[in-house]
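# An overview of the molecular structure
Chain by chain, the residues:
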Amino acid sequence: MEDILLAPPEPEVVMNPVDCFDTPGPMELEIGCGKGGFLLERAREHPDHRFLGIEWANKYFKYAADRMARWGMLNVRIMRTDARNFVVCHLAESSLSALHVYHPDPWPKKRHHKRRLFQESFVAAAVRALQPGGWWAIQTDHGEYFEWIQELLMPCPQLTQVDFEHPAFVPTSKTPRTNFEVKYVRQGRTIYRVAYIKNEE
Ligand SMILES: C[S@@+](CC[C@H](N)C(=O)[O-])C[C@H]1O[C@@H](n2cnc3c(N)ncnc32)[C@H](O)[C@@H]1O
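First, a word on scope: everything that follows refers to the structure included in this document.

How each quantity is defined
Residue indices begin from 1 for each chain and proceed along its sequence in written order. Predicted model: local features are reported for residues with pLDDT of at least 70 only, side-chain atom pairs are reported and counted for 80 or more only, and whole-chain, interface and lining totals are derived from all residues. As a convention, hydrogens and water are excluded, and side-chain values are obtained from all of the structure's heavy atoms. Salt bridge criterion: a side-chain nitrogen from Lys or Arg within 4 Å of a carboxyl oxygen from Asp or Glu. Exposure categories follow from relative accessible area, calculated using a 1.4 Å probe and restricted to protein chains: below 20% of the type maximum is buried, above 50% is exposed, and the middle band is partly exposed. Only runs of H or I of at least four residues qualify as helices and only runs of E of at least two qualify as strands under DSSP, and these elements are numbered from the N terminus. Throughout, an axis means a line fitted to C-alpha atoms (over the contacting stretch in the case of helices), and angles, computed between N-to-C directions, take values from 0 to 180 degrees. Every angle not falling under 35 degrees, over 145, or within 65 to 115 is termed oblique; those three ranges are roughly parallel, roughly antiparallel and roughly perpendicular. Take the far helix as the reference: if the near one is turned anticlockwise from it by less than a right angle, the crossing is left-handed, and if turned clockwise, right-handed. Should any heavy atoms of two residues lie within 4.5 Å, those residues are considered in contact. In this count, Pro and Cys sit with the nonpolar residues alongside Ala, Val, Leu, Ile, Met, Phe, Trp and Tyr, while Asp, Glu, Lys and Arg are called charged and the others, Gly among them, polar. Residues are labelled near a given molecule or strand when at least one of their non-hydrogen atoms is within 4 Å of it. Pairs of N or O atoms are called polar contacts if they sit within 3.5 Å, as long as, within protein, a hydrogen donor faces a hydrogen acceptor (for residues adjacent in sequence, only side-chain-to-side-chain pairs). Accessible surface area values rest on a Shrake-Rupley calculation with a 1.4 Å probe, where residue burial reflects the displayed protein chains alone. We place a 1 Å grid over just the protein atoms. Points where a 1.4 Å probe fits but has no way out form a cavity, open points with protein on both sides within 12 Å along at least 5 of 7 lines form a pocket, and any residue with an atom within 4 Å of a point lines it. By definition, a pocket or cavity contains a molecule when more than half of the molecule's atoms lie within 2 Å of the pocket's grid points. Grid points are joined across faces, edges and corners, and a volume is the space filled by probe spheres set on the points.

## As for the pattern of salt bridges
- With the rule as written, the count across this model stands at 7 salt bridges.
- For Arg 177, the salt bridge goes to Glu 181, with nearest N and O atoms at 3.0 Å.
- A residue is classified by how much of its surface remains accessible, and Arg 177, at 37% relative accessible area, is partly exposed.
- Residues Arg 193 and Glu 181 are paired through a salt bridge, measuring 2.8 Å at the closest nitrogen-oxygen approach. Placement of Arg 193 in strand S8 (residues 192–198) and of Glu 181 in helix H6 (residues 179–186) is noted, with a sequence separation of 12 residues between them.
- Taking relative accessible area as the criterion, Arg 193 reaches 33% and is therefore assigned partly exposed.
- Taken together, the salt bridges that share partners define one network made up of Arg 177, Glu 181 and Arg 193.

Right under this line is the structure:
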């Protein structure tokens, strides 16, 4: 279990998640991994990739970490921290081959919009952290937040919108689904999806 849990970096420390693995391979980050349903399935499908999940809620963090340990996964790590702060203040440049953000908390009230994960500073830092050719997949059930996200990402000159199920990143027939996605699909809610690739320099 100790190998799976990563401590958040100390202030001012830049972290490259690949340094936490002994094996090579593409590095994928999931922000707000919740109970870890998506992360674990994807890690199982891609044993040659490395995965880091970041989760703030202690209850879900513990649940996901426990599952990772029970599944004996060697290519997954999890960290309990505020993902926005981690990406903006600590995540190394060009360290990610893929970034997954699924059903981020929408904070629907206008006075709470400042709590949303997607802000200009977060987007700039996430783009910086992606490698050229890196993939950023986003999914939400909240239409207004989806528009907010697109308004932040569409003007980024380093990003090109691509098919969400891009064959380069979803090579298997079965795309893992997140826990919230499963719940909301069952309720008949619309799921909004978008993906971008960071342009080659
Ligand atoms: C609506 S849930 C979605 C969980 C999962 N992605 C899914 O689709 O099933 C949002 C998750 O993001 C986590 N979260 C919210 N803000 C966060 C932050 N700043 N840093 C890390 N995790 C965060 C919440 O604790 C929660 O588990």
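## Considerations on the packing of helix H1 (residues 37–45) against helix H2 (residues 58–71)
- Contact pair H1 / H2: the axes reach a minimum separation of 10 Å and the direction vectors enclose 25°. For the element pair H1 / H2, the angle class is roughly parallel. Relative to H2, the crossing made by H1 is right-handed. Where H1 approaches H2, its residues Gly 37, Leu 39, Leu 40, Glu 41 and Arg 44 are matched on the opposing element by Arg 67, Met 68 and Trp 71.
- A class-by-class count of the residues in the contact of H1 with H2 yields 4 nonpolar, 1 polar and 3 charged.

## Digging into unusual backbone geometry
- In the Ramachandran plot, Glu 12 falls in the positive-phi region, its phi being about 75° despite a non-glycine side chain.
- Topologically, Glu 12 is positioned in the loop between strand S1 (5–6) and strand S2 (27–31).
- Positive phi, close to 40°, is recorded for Trp 107, a residue that is not glycine.
- Within the element layout of this structure, Trp 107 appears in the loop between strand S5 (96–102) and helix H4 (120–129).

## Some words on the site of the ligand
- Neighbouring the ligand are 16 residues; Gly 32, Glu 55, Asp 82, Tyr 102 and Thr 178 lie closest to it.
- One nitrogen or oxygen atom from the side chain of Asp 82 is found 2.7 Å from a nitrogen atom belonging to the ligand.
- In isolation the ligand offers 590 Å² of accessible surface; the protein chains occlude 85% of this area.
- Comparing atom positions with the cavity grids shows the ligand to sit within the largest pocket.
- Residue classes in the shell around the ligand are distributed as 6 nonpolar, 6 polar and 4 charged.

## Side note on the layout of surface pockets
- When its volume is computed, the largest pocket comes out at roughly 900 Å³.
- Contributing elements (two or more residues each) for the lining of the largest pocket: S2, H1, strand S3 (50–55), helix H3 (83–89), S5 and H6.
- The biggest single contributor to the lining of the largest pocket is H6, with 4 residues.
- Looking at the lining of the largest pocket residue by residue, the classes come out as 17 nonpolar, 10 polar and 11 charged.
- Here the second largest pocket is characterised by a volume of approximately 190 Å³.
- What lines the second largest pocket is simply Phe 21, Asp 22, Thr 23, Pro 24, Ala 43, Pro 47, Asp 48, His 49, Arg 50, Leu 74, Asn 75 and Arg 77.

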